[in-house]
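# Commentary on secondary and tertiary structure
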Amino acid sequence: MDGFGSDFPAGGSGGKVDTGTIMEQVKVQIAVANAQELLQRMTDKCFKKCIGKPGSTLDNSEQKCIAMCMDRYMDAWNTVSRTYNSRLQKERARM
C-alpha cells in the first residue's frame, strides 16, 4: 500500500519515518494551499468588482481597478496575517 497516494514510499527506511521531513513537507503543502486560496479569492472578488462586461481585453479603467483591488486585498491579507501571527506568538508565550 502506498499510504493513500503520499510521496512517502511504504516501508521507507526500514519502517522509520523522519517526522521532521514530514512536518516540513506538510508546512510547504499548507503554504501552497493558502497561496492558491488567496489568489482564487482575490481573483473572484476583484473580477466581480471591476469587470462590468467581460470581453477579449480590459479597458484602462478596468486595468486600474484590478490593480488597485489586488493591492488593497494583499495589504488587508498581510495586515490580518501579521495580527494573527502576533496573537499566536503571544498565546504561545503564555503557555
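A brief look at the structure comes next. (Residues numbered from 1 in each chain as written. Predicted model: local features only at pLDDT ≥ 70, side-chain atom pairs only at ≥ 80, totals over all residues. Heavy atoms only, no water.)

### Focus: helix H2 (residues 60-94)
Keep this limit in mind: A helix here means a DSSP run of H or I that spans at least four residues, while a strand means a run of E at least two residues long, and both kinds are numbered starting from the N terminus. By definition here, a helix of n residues has an expected span of 1.5 Å times n minus one. For every residue, the accessible area obtained with a 1.4 Å probe (protein chains only) is divided by the maximum for its type, and the residue is called buried under 20%, exposed over 50%, and partly exposed between those limits. Here, two residues are considered to be in contact whenever any of their heavy atoms come within 4.5 Å of each other.
Counted at 1.5 Å a residue, the expected span for H2 with its 35 residues is 51 Å, and the 51 Å between its end C-alpha atoms agrees. Within the span of H2, buried status applies to Glu62, Ile66, Cys69 and Tyr73. Where H2 is buried, its residues meet helix H1 (19-50).

### A word on the state of the cysteines
We apply this condition: Cysteine sulfur pairs qualify as disulfides if the two atoms are within 2.5 Å.
Applying the stated criterion across every chain yields a total of two disulfides. A sulfur-sulfur separation of 2.0 Å characterises the disulfide bridge that pairs Cys46 with Cys69. Across the S-S bond of Cys46 and Cys69 the torsion is about -85°, and the bridge reads as left-handed. Here Cys69 lies in helix H2 and Cys46 lies in helix H1, a separation of 23 residues in the sequence. Each member of the pair, Cys46 together with Cys69, is buried. A sulfur-sulfur separation of 2.0 Å characterises the disulfide bridge that pairs Cys50 with Cys65. Here the S-S torsion is close to -70°, and the disulfide linking Cys50 with Cys65 is therefore left-handed.

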